[in-house]
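As a plain string of letters, each chain reads:
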Amino acid sequence: MFFLPEFLSKLELSANKLVLLIEHVPVLVVVMAFFAVWIISWLPIGLLSAIAINWRPNQPLKPEQKLPLLIPLYLLAPCIVCLISSFTNTSISDYGLLNKFSTFIYLGLGFVLGVVGILIMFACQLSWCWCALNYSKIRQLKIQQLLITLLSILLVALFIGGVEELVFRGFLLTELQIDYRLWVAVTVSSLIFALLHLVWEREETLPQLPGLWIMGMILVLARFVDGGNLGLAWGLHSGWVWMIATIDTLGVIDYTGNVSEYVTGKYNKPLAGATGIACLLLSGGILYLFNFF
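Since this is a predicted model, take the numbers as computed values, not measurements.

The rules behind each value
- Residues numbered from 1 in each chain as written.
- Predicted model: local features only at pLDDT ≥ 70, side-chain atom pairs only at ≥ 80, totals over all residues.
- Heavy atoms only, no water.
- Helix = DSSP H or I, 4+ residues; strand = E, 2+ residues; numbered from the N terminus.
- Buried < 20%, exposed > 50% of the residue type's maximum accessible area, 1.4 Å probe, protein only.
- Contact = heavy atoms within 4.5 Å.
- Areas by Shrake-Rupley, 256 points an atom, 1.4 Å probe, with all protein chains shown as cover.
- Lys, Arg positive; Asp, Glu negative; His and termini not counted.
- Charge placed at Lys NZ, Arg CZ, Asp CG, Glu CD.
- Domains from an automatic or database assignment.
- Buried area = accessible area lost by both parts, 1.4 Å probe.
- Salt bridge = Lys/Arg side-chain N within 4 Å of Asp/Glu carboxyl O.
- Polar contact = N/O pair within 3.5 Å; in protein donor to acceptor, adjacent residues only side chain to side chain.
- pLDDT = per-residue confidence, 0-100.

Visitor: An account of the overall build of the chain is requested, with residue identities and associated values reported.
Guide: Summing up its helical and strand segments, the chain has 12 helices and 2 strands in all. Ordered by position in the sequence, the α and β elements of the chain form the string α-α-α-α-β-α-α-α-α-α-α-β-α-α. In terms of overall dimensions, the chain has a C-alpha envelope of 85 × 50 × 35 Å along the principal axes. When each of the 293 residues of the chain is scored for burial, the buried share is 41%. Intrachain contacts of the chain at a sequence separation of at least 6 include 75% that bridge at least 24 residues. Carbon and sulfur atoms make up 72% of the accessible area of the chain, which amounts to about 16,400 Å² in all. Looking at the chain, you have 15 positive and 16 negative side-chain charges, and the mean spots of the two groups are 6 Å apart.

Visitor: Explain the domain arrangement of the chain to me, using residue names and the numbers behind them.
Guide: What the domain assignment lists for the chain is domain 1 (13-89) and domain 2 (101-292). Both faces combined, the contact of domain 1 with domain 2 buries some 1,800 Å², and carbon together with sulfur accounts for 84% of it. The three residues of domain 1 that bury the most area against domain 2 are Val 27, Phe 35 and Tyr 74, which together make up 33% of that side's buried surface. The tally of links between domain 1 and domain 2 comes to 0 salt bridges. For the pair domain 1 and domain 2, the interface holds 2 residue pairs in polar contact (both at pLDDT 80 or more). Elements represented by at least two residues in the side of domain 1 that touches domain 2 include exactly α2 (27-52) and α3 (63-88).

Visitor: Provide a residue-level description of the environment of Pro 68, including the pertinent values.
Guide: Along the chain, the position of Pro 68 falls in helix α3. Between the C-alpha atom of Pro 68 and that of Ser 91, which follows or precedes it by 23 residues, the distance is 30 Å. Apart from residues lying up to four places away in sequence, Pro 68 is in contact with Ser 49 and Ile 53.

Visitor: Before we move on, could you go through the pattern of salt bridges and cite the residues and values that matter?
Guide: The full count for this structure, using the stated rule, is 3 salt bridges. Arg 169 is the partner of Glu 165 in a salt bridge, and the nearest nitrogen-oxygen pair spans 2.7 Å. Note that Glu 165 and Arg 169 are positioned in helix α6 (residues 143-179) at a spacing of 4 residues, about one turn of the helix. A single burial state applies to Glu 165 and to Arg 169, both of which are buried. One salt bridge in this structure joins Lys 266 and Glu 261, with 2.8 Å as the shortest N-O distance.

Visitor: Please give an account of the confidence of the model for the chain that cites residues and values.
Guide: The pLDDT averaged across the chain works out to 88; a share of 91% of its residues lies at or above 70. By mean pLDDT, the top-scoring element of the chain is helix α9 (residues 209-225) (96), and the lowest-scoring one is helix α1 (residues 4-23) (46). Across residues 10-21, confidence stays below pLDDT 50; counting only partners more than four residues off in sequence or on other chains, it has 1 contact.

Printed below as a string of structure tokens:
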């Protein structure tokens, strides 16, 4: 009992030294540690999920098999970010997740901008006869089924958009700026964001890499326009995901083949085509102009 105060004092001193040591760890080590812990902690859950949905890594991943693998992975990400931030003595607010009412205002603004951008893109393609509405599928839609589909995809889009923004435009971008110049941090964080999409569907994702990188750059701009907050980027990201996923799920758009798939998007993926990239650049231009008001 007499040695307890001395033991506690030494333990506290050791803990303080450990914190100081961690605070001076190179940023690349912190980043690699984050992704390593994230993947390692997910692997057992991912293995069980893969067994449950009867999926093997050498098999193509069906759309309905993707969510059971993605949801546990994305649920773990905020926990790992909080864990790393506690070791690096960094507040979550430093990563752009601010507990302010304005966050939700900009979330809504970003969401509307994302949705309107996709609607303009498809409206142009419809008017130019690059794609057409599938009226037979539209007539088969029931109001209740449509509402359930829209709401479920909306919740998934907000969840995925929020987690990816916290990880890539929040944690990763902020950490990289500590040791590197801004343009390096922006370029590298957007590149990692694009490359990690190859994990799921390599063949369909490869043509989308330039678009995904540009998307990451536009979302970084959204964070800067929002004064370092993630609200605008989160909303913009979620709006894009919601619209694209809804159109894919409902199957109400058919491509006519009147132009090259590199214009409309290879494998019917807008980010793999010129029109999708033009939509991103248009959104970026609006954000740039918005920065001056």
